[in-house]
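# Architecture and fold: a report
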Amino acid sequence: MELQGFRSSLGRPMMFLNLAGSIELHNDQALGINLRTDGMGHLGGPNSLYQAHYRKGDFTYTAGTIIKFTDFLINGYGAGMSYHKSDKEFHDLTVSQSRMDPLYQVDYSGGFKYAQDVAGTVHHFANYDYQSGSYNYLLTKSLQYQVNRAWTVGVSGGYSNEFDNRQGRLTEGSLWGYQVEYQKNGFSAISQVNNYSDTFIGINRGFSYQKHQVRKSWKNYELSAFHNQTARRPMIFTPDSIYVVEAMQLKETGLRNSIAYKKARMSGTFSYMEQRFAMQAGPLAQYLRTAWSYNYGGKLPFRFSLNSALSYVTLEGLEDVYGRVAMTNNFNLSYKSFGIRGRIDRGPNFYNEVMRDFEDGVLPQRMQVGPYFDFTKTYKNGTQLSNNMQAEYFEDNVFFDRKMLFLRNSFRFNIPKVGFYGGLSVSWNLLSKNNSFVNFNLGKQLSVPTVGIRKYHDVKLKFFMDENRNGVWDEGEEVIAHEYVLVNGRMAMTDADGLVVYKNVEDGEYKLEMRNMRNLVGWVPAKGVEQNFTAYKGGAYGVPFIKSKFIKGSVRVIHDDNQADRFNPQGMKVRVVNEKGEEYETIVNSRGEFLLNVPSGRYIVTLSPAGLSADKFQIENGSQSVDLLDNERCEVHYTIRQKSRDINIRRISRR
């Protein structure tokens, strides 16, 4: 159960109540509920959620309100079924009636593994307006073939139609795309294209995207060439209203290089870029641009990063009239828990800034700077406390044309032993009554006793560091405490004695997964991150770990303050492949960091773009090579840069 409240200087207070619970049954079954009020605390509001669900094995059945967003917004009452065997084999189906419009909606997404090296996805969606008789439908499908360890090819296609019963008009749309990827011995190349027609229904109407890149990696140096292209065109959603998307058309071609020495890394980009708003008839903005990034994060409690860009901007056909030098700088300097970060801009770095400077003579300037303090403490019983305190001065003459001085504090706590967690965030603008807010949340895990479930056997798993590699725990060997594991897909955390105890389980085969151990450094499971064991009348089982080498990394997101979209890299997958083709995976944590223990060898470390909007964000160094033959550890650092404008939907007319 979680209670959350929000109070802003811009509006009235809001209150949310989340209540989620489940009862575990035998034979891998569970019953559960999920209740969430809207912002006014009402359960019957348009954004409230109330669901009941039943799970058996890999299947989950849901009934109640359905809220999700694919190519369309689904917000209504209905039922759903999902089956998840793996990331490549899944099915999700929902059938609902919208509570916003007179619509019936059906949505299906599926993943298929056709062969050992062939996988694909499919998506169906249909809307039916039961008042007017109008409808629309879309189908998209993708197929990926892992030819060998070096080559991967993929294709995508789609079809949509939209029937307007009032006008008797049928409109059809299409999607096509491909992806070719090659990676071997430090060399990689990728070519990817997706193109939606102007008549394709949904949020991707008229969207096109291209990415082409070749890269060569050596031990401490990388060199790449790239071309990226994004465009989005006008969008008409309904027969009654015309909506226009003022999105940006963007092209960029250039060279990128990076060099690493011990704990320091430097990268540089030289590129030519073009920008224009899709619905604006102004001239094309042209940029000659160089961008540099410096990062240092060694064993000392000192970290430093600087991202700078310098551009010369002109307008097509007006080169003799308009020319500007623009620069932007983002920096972060920290020592232990203290730091200072900021941003300083001068000159037009985006199309709307170029046009305002050209038409109104307003040279854009922006400054954002402030100190901060981070505190995190984890106790032996698993209790976690964290606090972030910062002050920030903000000045901008482009959008806000104001000065602001903020004091902010964010406190979080989690007491897993009693299932209690929560937090309090406060932001106060000292120079104005506007832009201040208070946000709090409190949560409690509720344990509901169940009766009538037959008692089976108890199984104990003991996780330990096998110093002498004899496969059994010996007195004096350190245990692995407070780490997460999965047994048959159910998550548990080892206690202070390195134990996980499962009560009332049946005899049979069990699968143990240890991919989520985020704090363990320099140790790997002796028999692999996935192991199977047979339980018979309960018993105790040892899980030994042996010494290893490890890869540590971080993911930094550089946002553009002109945009509302924000991306948190938490949960992004990091894939590591050695020369034998063996794969290891981990995910990015809430601090934008990841850690992976691996055997000795040479590896390619790749940050997966899954979940990242390709038209808004770009991973600048998605794959990096590391050598763990002679080194005990290696560090890699990724940068995700926001690259496109906000999509501002504006109602033009109503017919």
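In short, a report on the structure. Note on numbering: residues in each chain are counted from 1, in written sequence order. Whole-chain, interface and lining totals are the exception, using all residues; otherwise, since this is a predicted model, local features are given only for residues with pLDDT of at least 70 and side-chain atom pairs are given and counted only at 80 or more. Excluding hydrogens and water, the side-chain figures rest on all heavy atoms present in the structure.

### With respect to the overall build of the chain
Put simply, the rule is: The numbering of helices and of strands both runs from the N terminus, where a helix is a DSSP run of H or I of at least 4 residues and a strand a run of E of at least 2. We call two residues in contact whenever any of their non-hydrogen atoms come within 4.5 Å of each other. Method for areas: the Shrake-Rupley scheme with a 1.4 Å probe, in which residue coverage is limited to the protein chains shown.
Scanning the chain for helices and strands turns up 1 helix and 44 strands. Of all intrachain contacts in the chain linking residues separated by at least 6 positions in sequence, the fraction that spans at least 24 positions is 49%. Total accessible area on the chain is roughly 34,300 Å²; 56% of this is exposed by carbon and sulfur atoms.

### Section: the pattern of salt bridges
Threshold: A carboxyl oxygen of Asp or Glu within 4 Å of a side-chain nitrogen of Lys or Arg is what we treat as a salt bridge. Three labels apply to residues, based on accessible area from a 1.4 Å probe with only protein chains included: buried if under 20% of the type maximum, exposed if over 50%, partly exposed otherwise in between.
Taken as a whole and judged by the stated rule, the model has 13 salt bridges. For Arg324, the salt bridge is made with Asp357, and the minimal N-O distance between the two is 2.9 Å. Here Asp357 lies in helix 1 (residues 351-360) and Arg324 lies in strand 21 (residues 323-335), a separation of 33 residues in the sequence. On the basis of relative accessibility, which here comes to 29%, the residue Arg324 falls in the partly exposed class. Owing to a relative accessible area of 4%, Asp357 belongs among the buried residues under this scheme.

### Notes on the sheet that holds strand 34 (residues 530-535)
Operational definition: Paired strands, in this sense, are two strands between which DSSP finds at least two bridges. Axis angles are defined between N-to-C directions and span 0 to 180 degrees, where every axis is a line fitted to C-alpha atoms and, for a helix, only to the segment in contact.
Reading across from one edge, 30-29-32-34 is the order of the 4 strands in this open sheet, with antiparallel pairing throughout. The strands lining the two open edges of the sheet, one partner per strand, are strand 30 (490-493) and strand 34. Taken over all neighbouring pairs, the strand axes of this sheet differ in orientation by 30° on average, direction set aside. The sheet contact formed by strand 32 (residues 508-513) and strand 34 spans 6 bridges and is antiparallel. From the neighbouring strand, Gly508 faces strand 34, where its bridge partner is Ala535.

### A closer look at unusual backbone geometry
Phi is positive for Asn185, close to 50°, though the residue is something other than glycine. By the element assignment, Asn185 lies in the loop between strand 12 (169-184) and strand 13 (187-196). Of note in this structure, His482 is not a glycine but carries a positive phi near 55°. Along the chain, His482 falls in the loop between strand 28 (457-465) and strand 29 (484-487).

### Thoughts on the side chain of Thr494
Worth spelling out the cut-off: Under this definition, polar contacts are N or O atom pairs within 3.5 Å; protein pairs additionally need one hydrogen-donor-capable and one acceptor-capable atom, and for neighbouring residues in sequence, both atoms have to be side-chain atoms.
Assignment of secondary structure puts Thr494 in the loop between strand 30 and strand 31 (499-505). On the basis of relative accessibility, which here comes to 1%, the residue Thr494 falls in the buried class. A polar atom in the side chain of Thr494 sits 2.9 Å from the backbone nitrogen of His482. What Thr494 contacts, discounting residues up to four positions off in sequence, is Phe463, Ile480, Ala481, His482, Glu483, Leu499 and Val500.

### What about the sheet that holds strand 39 (residues 593-598)?
Ordered in space as 39-36-43-41, the 4 strands form an open sheet in which the pairing is mixed. At either end of the open sheet lies a strand with only one pairing partner, and these are strand 39 and strand 41 (617-619). On average, each strand axis in the sheet is tilted by 20° relative to the strand beside it, whichever way the strands run. As paired elements, strand 36 (residues 549-558) and strand 43 (residues 633-642) share 9 bridges and run parallel to each other. From the neighbouring strand, Ile551 faces strand 43, where its bridge partner is Cys634.

### Some details on the side chain of Thr606
Its location among the elements puts Thr606 in strand 40 (residues 602-607). Setting aside anything within four residues of it in sequence, one finds Thr606 in contact with Gln183, Lys573, Val574, Arg575, Gly622, Ser623 and Tyr638.

### Some details on the nonpolar core
We apply this condition: Among buried residues, the Ala, Val, Leu, Ile, Met, Phe, Trp, Tyr and Cys ones that are joined through side-chain atoms within 4.5 Å form a nonpolar core.
In terms of nonpolar packing, the biggest core is built from 24 residues, with Ile551, Val605, Leu607 and Ile640 touching the most fellow members. Of all elements in the fold, only strand 36, strand 37 (573-578), strand 39, strand 40, strand 41 and strand 43 reach the threshold of two or more residues within this core. It is strand 43 that provides the largest number of residues to this core, a total of 4 residues. The contact partners of Ile640, leaving out residues within four places of it in the chain, are Val555, Arg556, Val557, Ile558, Phe567, Met572, Leu607, Leu612, Phe617, Gln618 and Ile619.

### Digging into the packing of aromatic side chains
Note the threshold: Pairing of aromatic rings covers Phe, Tyr and Trp, the last counted by its six-membered ring, and requires centre-to-centre distances within 6.5 Å; plane angles under 30 degrees mean stacked, over 60 mean edge-to-face, and any other angle means tilted.
This model, assessed by the stated rule, comprises 18 aromatic pairs. For the pair Tyr196 and Phe200, a centre-to-centre distance of 5.2 Å together with 70° between the ring planes defines the contact as edge-to-face. Note on Tyr196: relative accessible area 13%, which makes it buried. Judged by relative accessible area, Phe200 falls into the buried class, the value being 0%. Between Tyr296 and Phe302, the ring centres sit 6.0 Å apart and the planes meet at 40°, which makes this aromatic pair tilted. Look at Tyr296 and you get partly exposed, because its relative accessible area is 28%. Given the relative accessible area of 33%, Phe302 is considered partly exposed.

### Brief notes about empty space enclosed by the protein
As a reminder, the rule being used: Using only the protein atoms, space was sampled on a 1 Å grid; points where a 1.4 Å probe fits but cannot get out form cavities, open sets with protein on both sides within 12 Å along at least five of seven lines form pockets, and lining residues are those with an atom within 4 Å of a point. Grid points are joined across faces, edges and corners, and a volume is the space filled by probe spheres set on the points. Side-chain classes follow a simple rule in which Ala, Val, Leu, Ile, Met, Phe, Trp, Tyr, Cys and Pro form the nonpolar group, Asp, Glu, Lys and Arg form the charged group, and the remainder, Gly included, forms the polar group.
Summed over all chains, the structure comprises 4 cavities of 30 Å³ or more. Taken together, 16 residues line the second largest cavity, and the ones lying closest to its centre are Met514, Arg515, Val529, Leu596 and Asn597. Looking at the lining of the second largest cavity, the elements that each hand over two or more residues are strand 33 (523-525), strand 38 (583-587) and strand 39. A per-class count over the lining of the second largest cavity returns 11 nonpolar, 2 polar and 3 charged.

### Section: a nonpolar patch on the surface
Heads up, the condition is: Here, patches come from residues exposed beyond 30% relative accessible area and free of salt bridges, joined within 9 Å for like charges and within 5 Å for nonpolar side chains (Val, Leu, Ile, Met, Phe, Trp, Tyr).
Nonpolar side chains collect at one region of the surface, where Leu407, Leu424, Val426, Trp428, Leu430, Leu431 and Val438 lie side by side and expose about 600 Å² of accessible area between them. It is strand 26 (residues 420-429) that contributes the most residues to the nonpolar patch, 3 residues altogether. Mapped onto the secondary structure, Leu407 falls in strand 25 (residues 402-415). Using a relative accessible area of 38% as the deciding quantity, one classes Leu407 as partly exposed.

### Thoughts on the environment of Gly78
Locating Gly78 in the fold gives a position in strand 6 (residues 73-84). Separated by 17 residues in sequence, Gly78 and Val95 place their C-alpha atoms 5.5 Å apart.

### What about the pairing of strand 15 (residues 221-231)?
When strand 14 (residues 208-217) meets strand 15, the two strands line up antiparallel, connected through 10 bridges. What sits directly across from Val214, in strand 15, is Ala225. Counting the residues in the hairpin turn of strand 14 and strand 15 gives 3 residues.

### A look at the environment of Ser436
Mapped onto the secondary structure, Ser436 falls in the loop between strand 26 and strand 27 (437-444). Relative accessible area serves as the criterion here: at 12%, Ser436 is assigned to the buried category. A sequence separation of 28 residues divides Ser436 from Arg408, and the C-alpha atoms of the two residues are 9.4 Å apart.

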